[in-house]
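Listed below, chain by chain, are the residues.
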Amino acid sequence: QQQVKQSPQSLIVQKGGISIINCAYENTAFDYFPWYQQFPGKGPALLIAIRPDVSEKKEGRFTISFNKSAKQFSLHIMDSQPGDSATYFCAASSPGGSYIPTFGRGTSLIVHP
Amino acid sequence: KAGVTQTPRYLIKTRGQQVTLSCSPISGHRSVSWYQQTPGQGLQFLFEYFSETQRNKGNFPGRFSGRQFSNSRSEMNVSTLELGDSALYLCASSFRQGNNEQFFGPGTRLTVL
């Protein structure tokens, strides 16, 4: 059972455009929602994360929007750059002294110059 | 500050063999988690070690095991390799158990022939 559904699977955006990646979760106990960025040959790197007590978090060009009632969250990349071309993963985890994230399947983002 | 290091980076084995992968966490980090990444299943949690004890375990068969040493370095072992074990194995470290901010290594690419 896939607990975190991520879409789209791939995304092509022009330089300067907005990239939007969406995730939906099922487990209402999830309370931490990070986004990871992975370049070829590298491990995932934490990009930005949010908890359910806020609806939006912004760090530079990256913004997470969170809709608790809809059990959805999304990553917005403003002014997308070719260097943003990577695979993006959303994840979700629940509290309790352990951190066992459930990952989405990933979105391959290509930003054309 | 050096990042998470994993050795070897690439490995080719044949079915039935066993393999040991190594992970050195960021200095000062005491929690080490292991993940399997495949195109079909995405990123899946294997187990987490903290203070030389396995704290959490994902849904993988007993052929997958690990251990952590007193210096927080960790090893992962897979016995009786199967073709389906071909994957990128990622190690992630964090300051303490259950810490959401994990730092991933570059992974070990295992190919089983």
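Basis of the calculations
Residues numbered from 1 in each chain as written. Chains lettered and ligands numbered in written order. Predicted model: local features only at pLDDT ≥ 70, side-chain atom pairs only at ≥ 80, totals over all residues. Heavy atoms only, no water. pLDDT = per-residue confidence, 0-100. Helix = DSSP H or I, 4+ residues; strand = E, 2+ residues; numbered from the N terminus. Disulfide = S-S within 2.5 Å. Buried < 20%, exposed > 50% of the residue type's maximum accessible area, 1.4 Å probe, protein only. Phe/Tyr/Trp six-rings, centres within 6.5 Å; stacked < 30°, edge-to-face > 60°. Contact = heavy atoms within 4.5 Å. Buried area = accessible area lost by both parts, 1.4 Å probe. Salt bridge = Lys/Arg side-chain N within 4 Å of Asp/Glu carboxyl O. Nonpolar A, V, L, I, M, F, W, Y, C, P; charged D, E, K, R; others polar. Polar contact = N/O pair within 3.5 Å; in protein donor to acceptor, adjacent residues only side chain to side chain. Pairing = 2+ DSSP bridges. Axes fitted to C-alpha atoms, helices over the stretch in contact; angles between N-to-C directions.

Take the confidence of the model for chain A next. Mean pLDDT over chain A stands at 92; residues scoring 70 or higher make up 94%. The weakest mean pLDDT in chain A belongs to strand 10 (residues 102-103) of chain A at 90; the strongest belongs to strand 8 (residues 72-77) of chain A at 98.

This part takes up the state of the cysteines. A full pass over the atoms with the stated rule returns two disulfides over all chains. With a sulfur-sulfur separation of 1.8 Å, A:Cys23 is cross-linked through a disulfide to A:Cys90. Since a negative S-S torsion denotes a left-handed disulfide, the A:Cys23-A:Cys90 link at about -95 degrees is left-handed. Remark: A:Cys90 occurs in strand 9 (residues 86-92) and A:Cys23 occurs in strand 3 (residues 19-25); sequence separation between them is 67 residues. Using a relative accessible area of 2% as the deciding quantity, one classes A:Cys23 as buried. Disulfide pairing is shown between B:Cys23 and B:Cys91; the S-S distance is 1.7 Å. Taking the sign of the S-S torsion, -50 degrees for the link of B:Cys23 and B:Cys91, the bridge is left-handed. Residue B:Cys23 is located in strand 3 (residues 19-24), and its partner B:Cys91 is located in strand 9 (residues 87-94); the two are separated by 68 residues in the primary sequence. Among the residues examined, B:Cys91 registers a relative accessible area of 0% and is labelled buried.

A separate point is the packing of aromatic side chains. Residues and elements named next belong to chain A. This model, assessed by the stated rule, comprises 16 aromatic pairs over all chains. Between tyrosine 25 and phenylalanine 66, the aromatic rings sit 6.1 Å apart at their centres with planes inclined by 15 degrees, giving stacked as the arrangement. Of this pair, tyrosine 25 sits in strand 3 while phenylalanine 66 sits in strand 7 (residues 62-67), placing them 41 residues apart in sequence. A connected cluster of aromatic rings, assembled from ring pairs, spans Tyr25, Phe30, Phe33, Trp35, Phe66 and Phe73.

Here the focus is the interface of chain A and chain B. Listed as interface residues are 18 residues of chain A and, on the opposing side, 21 residues of chain B. Where chain A abuts chain B, roughly 1500 Å² becomes buried across the two surfaces, and 55% of that area is made up of carbon and sulfur atoms. Between chain A and chain B we count zero salt bridges in total. For the side of chain A that touches chain B, the residue count by class is nine nonpolar, six polar and three charged.

This part covers the side chain of B:His29. Residue and element names in this part refer to chain B. If you trace the backbone, histidine 29 turns up in the loop between strand 3 and strand 4 (31-38). Within the local environment of histidine 29, its side chain forms a polar contact with the backbone nitrogen of serine 94, the two atoms lying 3.5 Å apart. Those residues in contact with histidine 29, other than ones at most four positions away along the chain, are Ser72, Ser93, Ser94, Phe95 and Phe103.

Residue and element names in this part refer to chain B. Spatial strand order, 1-3-8-7: four strands in an open sheet with antiparallel pairing. Because the sheet does not close on itself, it has two edges, and the strands there are strand 1 (5-7) and strand 7 (64-68). Averaged over all adjacent pairs, the angle separating strand axes in this sheet is 20 degrees, with direction ignored.

Residues and elements named next belong to chain A. Strand order in this open sheet of five strands is 1-3-8-7-6, and the pairing throughout is antiparallel. If you trace the sheet from one side to the other, it starts and ends with strand 1 (4-7) and strand 6 (56-59), each paired once. Strand after strand, the sheet turns through a mean of 15 degrees between neighbouring axes, direction not considered. Bridging between strand 7 and strand 8 involves six bridges; their strand directions are antiparallel. Within the sheet, the bridge partner assigned to phenylalanine 66 lies in strand 8 and is phenylalanine 73.

So, about the pairing of strand 11 (residues 107-112) of chain A. All names here are of chain A. Of the two faces of strand 11, only one is covered, namely that formed by Thr107, Leu109 and Val111; the face formed by Ser108, Ile110 and His112 stays uncovered. Bridge analysis of strand 2 (residues 10-14) against strand 11 gives five bridges, and the strand direction is parallel. Paired with serine 10 across the strands is serine 108, a residue of strand 11. One ladder, built from three bridges, connects strand 9 with strand 11; its direction is antiparallel. Its bridge partner lying in strand 11, tyrosine 88 is registered against threonine 107.

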